[in-house]
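So you can see what is in the structure, the chains are spelled out below.
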Amino acid sequence: MNKKETAEIKKNFSDKSGFFIMERVLTGFIDAEKNVRCQKINSCLAMPAEEHDVYDETLKKVLNTNVGKNFCEYEFPNEAYEEGKPQEILYSLLKSELKDELVCENFLNHIANNLVSDAPYAVITAYCTYTIRRKDKNDENYTGDDEVYRYLLTAVCPAKTSNDGFAFNSDDNEIVKKMNNELIIGKAPSDGFLYPVFSNRSSDINHVMYYAKSAAKPNTSIVENVLGCNFVMSAESEKTSFQNILKNVVGDDLDYMVIKTVNEKLQEVVEENKDDTDKTVIDNSKLKDILSDIGIPQERVEMVEPVFKKVCGNVPLTVSNLVDSRTVLAATGITVNIKPDFADKVRTSVVDGRRCLLIDIDDPTIEINGLSVSLT
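Sequence order sets the numbering: in each chain, residues are counted from 1 along the sequence as written. Where totals are concerned, whole chains, interfaces and linings use all residues; where local detail is concerned, this predicted model gives features only for residues with pLDDT of at least 70, and gives and counts side-chain atom pairs only at 80 or more. The side-chain figures draw on all heavy atoms in the structure; neither hydrogens nor water molecules are used.

Undergrad: Help me understand the pairing of strand β1 (residues 20–30), please; the structure alone is not making it clear to me.
TA: Within a regular strand, side chains alternate between the sheet's two faces. Each residue is placed in one exposure class: buried if its accessible area under a 1.4 Å probe, protein chains only, is under 20% of its type's maximum, exposed if it is over 50%, and partly exposed if it falls in between. By definition, any uninterrupted DSSP run of H or I lasting at least four residues is a helix, any uninterrupted run of E lasting at least two residues is a strand, and each is numbered from the N terminus. Counted residue by residue, β1 has 10 buried out of 11 residues, so it is predominantly covered. Pairing of β1 with strand β4 (residues 121–132), which is carried by 10 bridges, proceeds in the antiparallel orientation. The partner of F29 across the bridge, within β4, is A122. Where β1 and strand β2 (residues 36–43) come together, 7 bridges link them in antiparallel fashion. When the sheet's bridge partners are listed, T27 is paired in β2 with K40. Strands were regarded as paired on the criterion that DSSP finds at least two bridges between them.

What follows is the structure, encoded as structure tokens:
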């Protein structure tokens, strides 16, 4: 799924859409010892509006349009459709439309046995339908040849107690230590997944979308064990891998100007492809072109391919995960944050035998700790 497809499903994830129905919701609670403590199937059609709104709010967060970072697509391996395997479990759940309690129980037990978590959590799964309206080749008139996209949307919500702070006891007119032994289920899911994916405005049962609230800390047990897919690098890992490639290829020539210029080149790639619905990636060939363009010696550029393969294999990197929105210079006791438009104002140099960071200031008036001073 690309950004456009994800945005279409998210936009229509509402009763106001006219093309969307959330029919049933399966809820389950799993304690820290991996026991499924409760299981319930609710009809959304007869659900109070206040309760329905909470499910809407929670599940919609899984449909994150930051595709490739927080919301990533995975392909099921061939064996995943064998009986008792993750894809077969999900497909059976989809076909049941959350009407079969045994199928739902099997699904929750599968999650409980395979998801790694030190704390209890709730699992919320909705069975939804979305009517895909087809237009003619000129994208003007509806053809009437509609298709129904049927899907499951699952949110994993951590549960915890909250005993911090104080509370006012109105009976005794006292401020007392707050004591709360109830497990509160958060409305913001830590993880989730969508099955099947919405690809080319149709259903694809051989792929699944995984959501992580923290792109830097995905729960790999969900991808590998619950969904049965091969985990790929997180956004944070992609960036670290790219930095390792640069360090190994450029070597001693890696300085402020090289890092700044490479980042600018990556930003240009993002800008050039901003209208593309698929994520923009960079492989060893594109990286070689960038390094050649900025003047890295050819013998260094030729090292890109073997280094890239050693670090990333044959997997390209997502460009948007590599771009820095600002430049951060850090030394012992000093950190300087530089916005992109002002990166050219900063230079490194050797002055009187000392290594220096030089900042060009056009306006002689600057602020120090909130106080204006003039540099003369």
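Undergrad: Before we go on, may I ask you to explain the nonpolar core in this structure?
TA: Side chains of nonpolar character tend, in soluble globular proteins, to be buried together. With 32 residues, the main nonpolar core has F107, I111, F193, V208 and L227 as its most contacted residues. Here the element with the most residues in this core is helix α4 (residues 101–114); it accounts for 5 residues. When neighbours within four sequence positions are excluded, F107 is seen to be in contact with L26, I89, L90, L93, V123, T125, T154 and F193. Note on terminology: a nonpolar core comprises buried Ala, Val, Leu, Ile, Met, Phe, Trp, Tyr and Cys residues joined through side-chain atoms within 4.5 Å. In terms of nonpolar packing, the next biggest core, distinct from the first, is built from 29 residues, F13, M22, Y151 and V197 among them. Residue contacts follow a heavy-atom distance rule, with two residues in contact if any of their heavy atoms lie within 4.5 Å.

Undergrad: How should I be thinking about empty space enclosed by the protein in this particular structure?
TA: Any space left empty among the atoms is revealed by the rolling of a water-sized probe across them. Whether a set of points on the 1 Å grid over the protein atoms alone is a cavity depends on a 1.4 Å probe fitting there but being unable to get out, while an open set qualifies as a pocket with protein on both sides within 12 Å along at least five of seven lines; lining residues are those with an atom within 4 Å of a point. Grid points are joined across faces, edges and corners, and a volume is the space filled by probe spheres set on the points. Taken as a whole, this structure holds 2 cavities of 30 Å³ or more when the rule is applied. Its volume calculated, the largest cavity comes out at about 70 Å³. Contributing to the lining of the largest cavity are 13 residues, with K69, C72, Y210, P218 and S234 lying nearest its centre. If you list the elements that add at least two residues to the lining of the largest cavity, you get β3 (71–75) and β12 (207–212). The residue makeup of the lining of the largest cavity, split by class, is 10 nonpolar, 2 polar and 1 charged. Considering only enclosed or pocket space, the second largest cavity measures out at about 30 Å³ in volume. If you trace the second largest cavity, you find it lined by I30, D31, A32, K34, A112, L115, S117, A119 and Y121. For the lining of the second largest cavity, a count of residues per class yields 6 nonpolar, 1 polar and 2 charged. For this scheme, ten residues count as nonpolar: Ala, Val, Leu, Ile, Met, Phe, Trp, Tyr, Cys and Pro. Four count as charged, namely Asp, Glu, Lys and Arg, and the remainder, Gly too, count as polar.

Undergrad: I tried to follow a nonpolar patch on the surface on my own but got confused; where do I start?
TA: The patches described consist of residues with a relative accessible area above 30% and no salt bridge, like charges being joined within 9 Å and nonpolar side chains (Val, Leu, Ile, Met, Phe, Trp, Tyr) within 5 Å. With residues, only the protein chains shown are counted as cover, and all accessible areas are computed by Shrake-Rupley using a 1.4 Å probe. What counts as a salt bridge is simple: a side-chain nitrogen of Lys or Arg found within 4 Å of a carboxyl oxygen of Asp or Glu. Side chains of L357, I359, I361 and L375 sit close together on the surface and give an oily, nonpolar patch of about 340 Å² of accessible area. Secondary-structure assignment places L357 in strand β18 (residues 354–359).

Undergrad: What is the right way to look at the pattern of salt bridges in this model?
TA: Two side chains with opposite charge may pair up if their charged atoms get near one another. Evaluated as defined, the whole model comprises 13 salt bridges. Between E97 and R24 there is a salt bridge, with its nearest N and O atoms 3.6 Å apart. Placement of the pair is E97 in the loop between α3 (86–96) and α4 and R24 in strand β1, with a sequence separation of 73 residues. Overall, R24 belongs to the buried group, its relative accessible area being 16%. A salt bridge links D362 to K345, with the shortest nitrogen-to-oxygen separation between them at 2.4 Å. Of this pair, D362 sits in the loop between β18 and β19 (365–368) while K345 sits in the loop between β16 (334–338) and β17 (346–351), placing them 17 residues apart in sequence. Via salt bridges that share partners, E23, R24, E97 and K99 belong to a single interconnected network.

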